[in-house]
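# Structure at a glance
Below are the chains, spelled out letter by letter.
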Amino acid sequence: MGEVIVVTSGKGGVGKTTTTANIGTGLALLGHKVVLVDTDIGLRNLDVVMGLENRIVYDIVDVTSGSCRLKQALIKDKRFEDLFLLPAAQTKDKTAVSPQQMVELCQQLKADFDYVIIDCPAGIEQGFKNAIAGAEKAIVVTTPEVAAVRDADRVIGLLEAAELREPKLIINRIRPSMVKKGDMMDIDDMIDILAIGLLGVVPEDEHIVISTNRGEPAVLDKASRAGEAYRNISRRIAGEDVPLMDLEANEGLMGRLRRLMGLAR
Amino acid sequence: MLDFLQRAFGREPALGTKQVAKERLRLVLVHDRAGMSPKLIEALREDLIKVISEYMEIDQEGFEVSLSHGSDSVALVANIPILKIKRLFSD
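All values reported here derive from a predicted model rather than from experimental measurement.

## Regarding the packing of helix 7 (residues 146-161) of chain A against helix 9 (residues 187-194) of chain A
In a packed pair of helices, the relevant descriptors are the angle between the two axes and the axis-to-axis distance. Residue and element names in this part refer to chain A. Their axes nearest at 10 Å, the elements helix 7 and helix 9 cross at an angle of 35°. Handedness of the crossing formed by helix 7 with helix 9: right-handed. Residue-level contacts link Val149, Ala152, Asp153 and Ile156 of helix 7 to Met190, Ile193 and Leu194 of helix 9. Its residues assigned to classes, the contact of helix 7 with helix 9 comprises 6 nonpolar, no polar and 1 charged.

## Brief notes about helix 11 (residues 225-237) of chain A
Residues and elements named next belong to chain A. Its 13 residues place the ends of helix 11 19 Å apart at the C-alpha level, agreeing with the 18 Å of an ideal helix rising 1.5 Å per residue. With 11 of its 13 residues buried, helix 11 lies for the most part within the structure. Turning to helix 11, its buried residues number three or more, namely Arg225, Ala226, Gly227, Glu228, Ala229, Tyr230, Arg231, Asn232, Ile233, Ser234 and Ile237. As for helix 11, its buried residues are in contact with helix 1 (16-29), strand 7 (168-174), strand 8 (197-203) and helix 10 (206-214). Glycine 239 sits one or two positions beyond helix 11 and adopts a positive phi of about 100°.

## Remarks on unusual backbone geometry
Residue and element names in this part refer to chain A. The residue glutamate 163 is not glycine, and still its phi comes out positive at about 70°. Within the secondary structure, glutamate 163 sits in the loop between helix 7 and strand 7. Residue classification places glutamate 163 among the exposed residues on the basis of 8 C-beta atoms within 10 Å. Non-glycine residue glutamate 166 carries a positive phi angle of around 50°. Glutamate 166 sits in the exposed class, given 11 other C-beta atoms within 10 Å.

## Remarks on the packing of helix 5 (residues 99-112) of chain A against helix 6 (residues 126-133) of chain A
Residues and elements named next belong to chain A. Close contact between helix 5 and helix 6 brings their axes to 7 Å; oriented N to C, the two are set at 30°. Taken together, the axis directions place helix 5 and helix 6 in an arrangement best described as roughly parallel. Crossing of helix 5 against helix 6: the hand is right-handed. Counting all contacts with helix 5, which are made through Pro99, Met102 and Val103, the residues of helix 6 involved are Lys129, Asn130 and Ala133. In the contact of helix 5 with helix 6, the residues fall into 4 nonpolar, 1 polar and 1 charged.

## Some thoughts on the environment of leucine 244 of chain A
Residue and element names in this part refer to chain A. Following the sequence through the fold, leucine 244 ends up in the loop between helix 11 and helix 12 (252-260). Using a count of 12 C-beta atoms within 10 Å as the deciding quantity, one classes leucine 244 as exposed. Residues leucine 244 and valine 201 lie 43 residues apart in sequence; the distance between their C-alpha atoms is 7.4 Å.

## With respect to the sheet that holds strand 8 of chain A
Residue and element names in this part refer to chain A. Taken in spatial order, the 8 strands make up an open sheet running 3-4-2-5-1-6-7-8, and their pairing is mixed. Looking at which strands have only one partner, the edges of the open sheet turn out to be strand 3 (75-76) and strand 8. Helix-sheet contacts for helix 6 involve strand 1 (3-8), strand 5 (115-119) and strand 6 (137-142), and the interaxial angle to strand 1 is about 155°. Where helix 7 meets the sheet, it contacts strand 1 and strand 6, and its direction lies at approximately 165° from that of strand 6.

## Here's the deal with the pairing of strand 1 of chain A
Residues and elements named next belong to chain A. The element strand 1 is extensively covered by neighbouring structure, given that 5 of its 6 residues are classed as buried. Here strand 1 pairs with strand 5 via 5 bridges, running parallel. When the bridges of strand 5 are listed, valine 6 appears paired with isoleucine 118. Bridge analysis of strand 1 against strand 6 gives 4 bridges, and the strand direction is parallel. Note that in strand 6 the partner of threonine 8 across the bridge is valine 140.

About the criteria used
- Residues numbered from 1 in each chain as written.
- Chains lettered and ligands numbered in written order.
- Predicted model: local features only at pLDDT ≥ 70, side-chain atom pairs only at ≥ 80, totals over all residues.
- Axes fitted to C-alpha atoms, helices over the stretch in contact; angles between N-to-C directions.
- Helix = DSSP H or I, 4+ residues; strand = E, 2+ residues; numbered from the N terminus.
- Left-handed = near helix turned anticlockwise from the far one by under 90°.
- Contact = placed C-beta atoms within 7 Å.
- Nonpolar A, V, L, I, M, F, W, Y, C, P; charged D, E, K, R; others polar.
- Expected span 1.5 Å × (residues − 1).
- Buried ≥ 20, exposed ≤ 12 C-beta atoms within 10 Å, placed from the backbone.
- Parallel < 35°, antiparallel > 145°, perpendicular 65-115°, else oblique.
- Pairing = 2+ DSSP bridges.

As structure tokens, then:
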């Protein structure tokens, strides 16, 4: 029996889909059998981030409405034998699936996979309720901004009310140089405020844009700092104890110069 | 680079904008979190009745608990009519 994990955030644009794609691929890289489920019906994107958009025949609504069998709708990844995507429907709306149907779908999927990773839509309405209905664990993604942390706080409250205890936090797009200058909230600030456990920190990284352009998750890119962070996060999900990576290792010439001159705080 | 020069010449403000962000976040969360569900308020009311009843006899019907919102704070306001104070604690 596998584990069903929902990736959520409240606010849009903080990196839920990127996180889902990278964690899923990261777990597949570790040899696990993984299925990614896109529940953002009407605004599907996980297929594009995974580079699988041309292979879609059936979608999640076809499965829940009985138009096709579950196995027919699962798209196999290009790179990993044991990584699959269940795409969202693009032409329906979020009421096309019910929470009860999601619970049944997750039950079916976890019988066949080690990890079922659910990409949740932004917001806290029906789509959110569907996405969390069948989940056993939750990952909350935020960025170091007031609006994103505020929404994360709200979502954590809703997850706990839905009996999804102890969600874990991923802080995305942190910029170590700005944190150092005191112009960006740091990891401890956010952990203090949100009072939940930290799963990982992903630095801002141009590789993410490039890898998304190509449809290849950054977790596979050895040169990517964000990719390294996602590899670490995947290992933590799989139960390994991996220390947080040194965010300042790649701060660039100016950063090192400043520190040498004793000007950095 | 400009930033570097400003810092070198001591013209940088003492605090980064992180403190501003934290304070704004704190205020916004005080309000967001104060939107307690009626279920939670009811649970709190029952717990309060239990604790206070050890010290005095109170009018449980007239016992009111609510949240009062100020501009930068939220207060828990309880109105608890007392019927009798227990002699045990009165000296």
